[in-house]
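# Structure assessment
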Amino acid sequence: MSKAILEMKGINKSFGSVSVLENVDFSLKEGEVHALVGGNGAGKSTLMKIMTGVYSLDSGEVFINGGKKNIQNTKDAKENGIAMIFQELSLVPTMSIAENIFLGEELTRNGFRDVAAMKKKSKEILNELGIFINPELKVNQLSVGMSQMIEIAKAISKNAKILILDEPTASLSDSETVQLFRIIKQLKENGVSMVYISHRMNEILSISDSVTILRDGKKVITDKIENMDLDKIISHLVGGETSQRKFEWVEREYDADGDLILKVDNLKINEKIQNISFGLTKGEILGIAGLMGSGRTEILETLFGIRRKLGGTVELMGKVVNIKNSEDAIKSGFALIPEDRRRQGLVLGHSVKSNAILPYLRKLLVGRTHLISEKASNELAKNDIKKLNIKTDSIHKKINLLSGGNQQKVVIAKWLNMNPKVMMLDEPTAGVDIGAKTEIIEIIRNFADEGKGVILVSSELTELLSVCDRIITMFDGKITASILRKNINSEEELQNAVQRN
Ligand SMILES: Nc1ncnc2c1ncn2[C@@H]1O[C@H](COP(=O)(O)OP(=O)(O)OP(=O)(O)O)[C@@H](O)[C@H]1O
Ligand SMILES: [Mg+2]
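Heads up: these notes are all about the structure in this document. (Residues numbered from 1 in each chain as written. Chains lettered and ligands numbered in written order. Predicted model: local features only at pLDDT ≥ 70, side-chain atom pairs only at ≥ 80, totals over all residues. Heavy atoms only, no water.)

### A short note on the overall build of the chain
Regarding its fold elements, the chain presents 17 helices and 22 strands. On C-alpha atoms alone, the chain measures out to a radius of gyration of 23 Å, which is about the 23 Å that the 2.2 N^0.38 rule sets for 501 residues. Across its three principal axes, the chain shows a C-alpha extent of roughly 70 × 50 × 50 Å. Residues classed as buried in the chain amount to 51% of the 501 residues present. Contacts in the chain between residues at least 24 apart in sequence constitute 67% of all its contacts with a sequence separation of at least 6. (Helix = DSSP H or I, 4+ residues; strand = E, 2+ residues; numbered from the N terminus. Rg over C-alpha atoms; globule rule 2.2 N^0.38 Å. Buried < 20%, exposed > 50% of the residue type's maximum accessible area, 1.4 Å probe, protein only. Contact = heavy atoms within 4.5 Å.)

### Observations regarding the pairing of strand β14 (residues 276-281)
With five of its six residues buried, β14 lies for the most part within the structure. Relative to β14, strand β13 (residues 260-268) runs antiparallel, the two being bridged by five bridges. Across the sheet, Leu260 pairs through a bridge with Thr281, a residue of β14. (Pairing = 2+ DSSP bridges.)

### A closer look at helix α17 (residues 491-499)
Within α17, burial applies to Leu494, Ala497 and Val498. Take α17 and look down its axis: the buried residues cluster within an arc of 100°, on one side only. The inward-facing, buried residues of α17 contact β15 (285-290), α16 (461-467), β21 (470-475) and β22 (478-484). (Arc of directions from axis to C-beta.)

### Here we look at helix α13 (residues 374-387)
For α13, spanning 14 residues, the distance from its first C-alpha to its last is 20 Å, which sits close to the expected 20 Å at 1.5 Å a residue. Along α13, the residues classified as buried are Ser377, Asn378, Leu380, Ala381, Asp384 and Ile385. Down the axis of α13, the smallest arc covering the buried residues is 160°, so these residues share one side. Facing away from the buried surface of α13 by more than 90 degrees, the exposed residues are Lys375, Lys382 and Lys386. On its buried face, α13 is in contact with α12 (352-357) and α14 (404-416). Just downstream of α13, Asn389 is the residue with a positive phi angle, here 55°. (Expected span 1.5 Å × (residues − 1).)

### Some remarks on the sheet that holds strand β3 (residues 33-37)
If you walk across this open sheet you meet the six strands as β6-β9-β10-β3-β11-β12, and the pairing is mixed. The open sheet terminates on both sides in strands that have one partner only, identified here as β6 (82-85) and β12 (218-224). Going from strand to strand, the sheet's axes swing by 15° on average, the running direction of each strand aside. The pairing of strand β9 (residues 162-166) with strand β10 (residues 193-197) spans five bridges and is classified as parallel. By the bridge assignment, Leu163 is partnered in β10 with Met194. Most of the contacts of helix α5 (residues 144-157) go to β6, to which it runs at about 175°, and overall it touches β6 and β9. (Axes fitted to C-alpha atoms, helices over the stretch in contact; angles between N-to-C directions.)

### Description of the packing of aromatic side chains
Applying the stated criterion across every chain, the model contains three aromatic pairs. Judged by centre distance (5.0 Å) and plane angle (75°), the rings of Phe15 and Tyr55 are edge-to-face. Taken together, the positions of Phe15 in strand β1 (residues 4-15) and Tyr55 in the loop between α1 (44-51) and β4 (59-64) put the pair 40 residues apart, joining distant regions of the chain. Overall, Phe15 belongs to the partly exposed group, its relative accessible area being 33%. Lys9 extends its terminal NZ or CZ atom over the ring of Phe63, reaching a point 4.7 Å from the ring centre. Geometry around Trp249 places Arg485 over its ring, the cationic atom sitting 4.4 Å from the centre. (Phe/Tyr/Trp six-rings, centres within 6.5 Å; stacked < 30°, edge-to-face > 60°. Lys NZ or Arg CZ within 6 Å of the ring centre and 35° of its normal.)

### Some thoughts on the site of ligand 1
Close contacts around ligand 1 come from 21 residues, with Gly41, Lys44, Thr46, Ser403 and Gly405 the closest. One nitrogen or oxygen atom from the main chain of Gly43 is found 2.9 Å from an oxygen atom belonging to ligand 1. At a separation of 3.1 Å, a nitrogen atom of ligand 1 approaches a polar side-chain atom of Tyr55. Out of a free accessible area of 640 Å², ligand 1 has 90% covered by protein chains. The set of elements that each furnish at least two residues to the shell around ligand 1 consists of α1 and α14. Taken together, the residues of the shell around ligand 1 sort by class into six nonpolar, 12 polar and three charged. (Near = heavy atom within 4 Å. Polar contact = N/O pair within 3.5 Å; in protein donor to acceptor, adjacent residues only side chain to side chain. Areas by Shrake-Rupley, 256 points an atom, 1.4 Å probe, with all protein chains shown as cover. Nonpolar A, V, L, I, M, F, W, Y, C, P; charged D, E, K, R; others polar.)

### Concerning the environment of Asp25
Along the chain, the position of Asp25 falls in strand β2 (residues 18-29). Residues Asp25 and Leu165, 140 residues apart in the sequence, show an inter-C-alpha distance of 19 Å. In this view, Asp25 contacts Met8, Lys9, Gly10 and Lys219; residues no more than four positions away in its chain are not counted. Within the local environment of Asp25, its side chain forms a polar contact with the backbone nitrogen of Gly10, the two atoms lying 2.7 Å apart.

### Observations regarding the nonpolar core
Core analysis: the largest hydrophobic core is formed by 69 residues, its most contacted members being Leu262, Phe278, Leu303, Phe334, Val422, Met424 and Ile455. Sort the elements by how many residues they give to this core and helix α15 (residues 434-449) lands first, with seven residues. A domain split of this core shows at least three residues from each of domain 2 (258-333 + 420-501) and domain 3 (349-419). Other than its neighbours up to four places away in sequence, Ile455 contacts Leu262, Phe278, Leu280, Leu286, Ile288, Leu300, Leu303, Val422, Met423, Met424 and Leu425. (Core = buried A, V, L, I, M, F, W, Y, C linked by side-chain atoms within 4.5 Å. Domains from an automatic or database assignment.)

### Overview of the sheet that holds β2
With respect to topology, four strands assemble into an open sheet ordered β2-β1-β4-β5, the strand pairing being antiparallel. Bordering the open sheet on either side are β2 and β5 (67-69), each of which pairs with just one other strand. Going from strand to strand, the sheet's axes swing by 25° on average, the running direction of each strand aside. Summarising the sheet, β4 and β5 pair through three bridges and their orientation is antiparallel. Following the sheet pairing, Phe63 is matched in β5 by Lys68. Contacts from α1 reach β1 and β2 within the one sheet, and its direction differs from that of β1 by about 115°.

Pasting the structure below:
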């Protein structure tokens, strides 16, 4: 049996009066992939941030290769060969890929920054990972998925012996995930030990050697993955019953030949994404399946006025709408829960409450005044917290102090509060725990039951299959098929449809 490269013993951590970790033990063996699993707010990121010196521990001990260590900051962690890919992306958007990779430790020559060398080295690092991209591109020109890969490349370039991946696939497409898994296997062969945090059980079961489960800041169990299965993990996660935690498709009652709530005709977004035509019936949940880059997100962004359309028409409830920006879109009755929620969906320095009520402000005004009803807005925020089971000790807590998954739930709550006619969701359950996934799916169904329309983009085909009435597939900027859910017999069938052009 291989020895522990890292051990954490009796870790305690509180923020103010709130205890987040209680007496947690964690042991990482040399060369293993160790999954760290737990609900939103269970303390996973906090435990790993203690290991990387982002947070200090209140009490407990950390050992690396058997020697006791006092890791007080990220520099100490780096010197001990520990690197972390954070859940919240930490690249500087306005800087180039190469500048980001070498941020804080620029290569120099005769005392000057050696830009050419950094470019060359970045290219090498990226190529080794199978990523072929110009390192001079700025990070804000990249997709979320690509930024994530750059982040990983950056960590690896530091020769880390211990690598912590905090929900690395939450914003990756299927093919990027495959690429990441290949990288993880390669790193494992090179002797790197990894901690892998994810809410996706299929990933945990396929990639890890062992698993530790946290619930409400306490360690529940550590075991080898071969002693675990989906049901066992879920029951440890939720502490009991697992039956209602799985979602199955149930055929919904809605008039498939009824009035259209939305009609998109010949939409042209750019030279690649064009001839986009589809309708959405009142009460219908329409899924869009496709590989990354197939144009799914772009369609939602265009309908929401973030992108300008180059041609085509959009009709809402039988009327042509001309949407120039997201304000227009909101006024017309569109809502978009964006893929990149932290960058687009939240005001990070503000409280849970002010984020939740943001697009809803006009409706909370007292009479004809410009005052916002304190009572109404408090109630709204409290109701959101209950509805989506958002873990926070107060509605006044700053949103950036919430766990990643709970921040996402606030974004979702915020748009639900708008009561739009057409709700568009881009990867809505990425990063949320299994309980919240079920809740979000339920909310989507209830929303559609009111006769509204839903468009759902998701890379998780199981998710599309469990909630949609109809799924359109996209390939390379074109719609390739429109299939009723009841005519799809397996995930494989949908997978095949997605890959056909
Ligand atoms: N800097 C902070 N100040 C106050 N509270 C914090 C801070 N950082 C984290 N917390 C709280 O600690 C708890 C655990 O958060 P943590 O981010 O570790 O959860 P997590 O298991 O990573 O969840 P998720 O799956 O949602 O990412 C949460 O309730 C969170 O609000
Ligand atoms: Mg987290």
